[in-house]
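Coordinates in review
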Amino acid sequence: MLWFLRDYPLAAVVLRAATLAFEALLLGGLVFCAGVIPGAFPPADSFARRALRLLRISAAGLALTQIGFVALDSEMLIHSGIQHWADLISANYFVAGALLVLTSVAFLLHNRRTLPRKLPWLLYVVPLVFATVWTSHAAS
């Protein structure tokens, strides 16, 4: 168990940095695609396909890194003897992480081959921003 406690800070920083990077890519990409792509590019344009691919990669990366981050924090709290599994499910970091994962997976499932449409894509921004702000330093 000592190796886990020694390497936890590094793993937490790397996962948090990856989470923030994927959040920025996904949020910025959603706003950009909803505002620029629908009227400016034809549906078969290679730029639109690449933008959709980058958004899908960002959503998948966000979901995976957030799962790892929440699992790492939960494991740390359980093995330090502070919390039990049932207590962690209602913790802010756990609920916000679940919201990020669910929103990312919903985006991946909903947008398999379709190009952006303004309103449906912007609806993904709301829970992403809410979960991001919920886990920020200002909120804590």
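Residues numbered from 1 in each chain as written. Predicted model: local features only at pLDDT ≥ 70, side-chain atom pairs only at ≥ 80, totals over all residues. Heavy atoms only, no water.

Some details on the confidence of the model for the protein chain
- The pLDDT averaged across the protein chain works out to 80; a share of 80% of its residues lies at or above 70.
- Highest mean pLDDT in the protein chain belongs to helix α5 (residues 92-110) (90); lowest belongs to helix α2 (residues 37-40) (60). (pLDDT = per-residue confidence, 0-100. Helix = DSSP H or I, 4+ residues; strand = E, 2+ residues; numbered from the N terminus.)

A closer look at the side chain of E23
- Structurally, E23 can be placed in helix α1 (residues 2-35).
- Buried E23, no salt bridge; nearest opposite-charge side chain is R16, N-O distance 4.8 Å.
- In this structure E23 touches L62, L100 and T132, once residues within four positions along its chain are discounted. (Buried < 20%, exposed > 50% of the residue type's maximum accessible area, 1.4 Å probe, protein only. Lys, Arg positive; Asp, Glu negative; His and termini not counted. Salt bridge = Lys/Arg side-chain N within 4 Å of Asp/Glu carboxyl O. Contact = heavy atoms within 4.5 Å.)

Re α5
- When the terminal C-alpha atoms of α5 are compared, their 27 Å separation across 19 residues agrees well with the 27 Å that a helix rising 1.5 Å per residue should span.
- Buried within α5 are the following residues: Y93, F94, A96, G97, L100, V101, T103, S104, F107 and L108. (Expected span 1.5 Å × (residues − 1).)

Examining the packing of aromatic side chains
- Under the counting rule described, the total for this entry stands at 3 aromatic pairs.
- For the pair F107 and Y124, a centre-to-centre distance of 5.4 Å together with 90° between the ring planes defines the contact as edge-to-face. With F107 in helix α5 and Y124 in the loop between α6 (118-123) and α7 (125-134), the pair connects residues that are 17 residues apart, well separated along the chain.
- Note on F130 and W134: the rings are 5.4 Å apart at their centroids and 50° apart in plane angle, and the pair reads as tilted. On the criterion of helical spacing, the pair formed by F130 and W134 is a turn pair, its members being 4 residues apart in helix α7.
- Look at W134 and you get partly exposed, because its relative accessible area is 28%. (Phe/Tyr/Trp six-rings, centres within 6.5 Å; stacked < 30°, edge-to-face > 60°.)

Concerning the nonpolar core
- Residues L26, L30, L55, F107, W121 and L128 are the most contacted members of the largest nonpolar core, which totals 19 residues.
- Breaking this core down by element, the ones donating at least two residues are α1, α3 (46-79), α5 and α7. (Core = buried A, V, L, I, M, F, W, Y, C linked by side-chain atoms within 4.5 Å.)

Considerations on the packing of α3 against α5
- At their nearest, the axes of α3 and α5 sit 9 Å apart, and the two run at 155° to each other. What the angle tells us is that α3 and α5 run roughly antiparallel. In the packing of α3 onto α5, the handedness of the crossing is left-handed. Of α5, the residues touching α3 (which contributes L55, R56, A59, A60, L62, A63, Q66, I67, V70, D73, S74 and L77) are Y93, F94, G97, L100, V101, S104, V105, F107 and L108.
- For the contact of α3 with α5, the per-class residue count stands at 15 nonpolar, 4 polar and 2 charged. (Axes fitted to C-alpha atoms, helices over the stretch in contact; angles between N-to-C directions. Parallel < 35°, antiparallel > 145°, perpendicular 65-115°, else oblique. Left-handed = near helix turned anticlockwise from the far one by under 90°. Nonpolar A, V, L, I, M, F, W, Y, C, P; charged D, E, K, R; others polar.)

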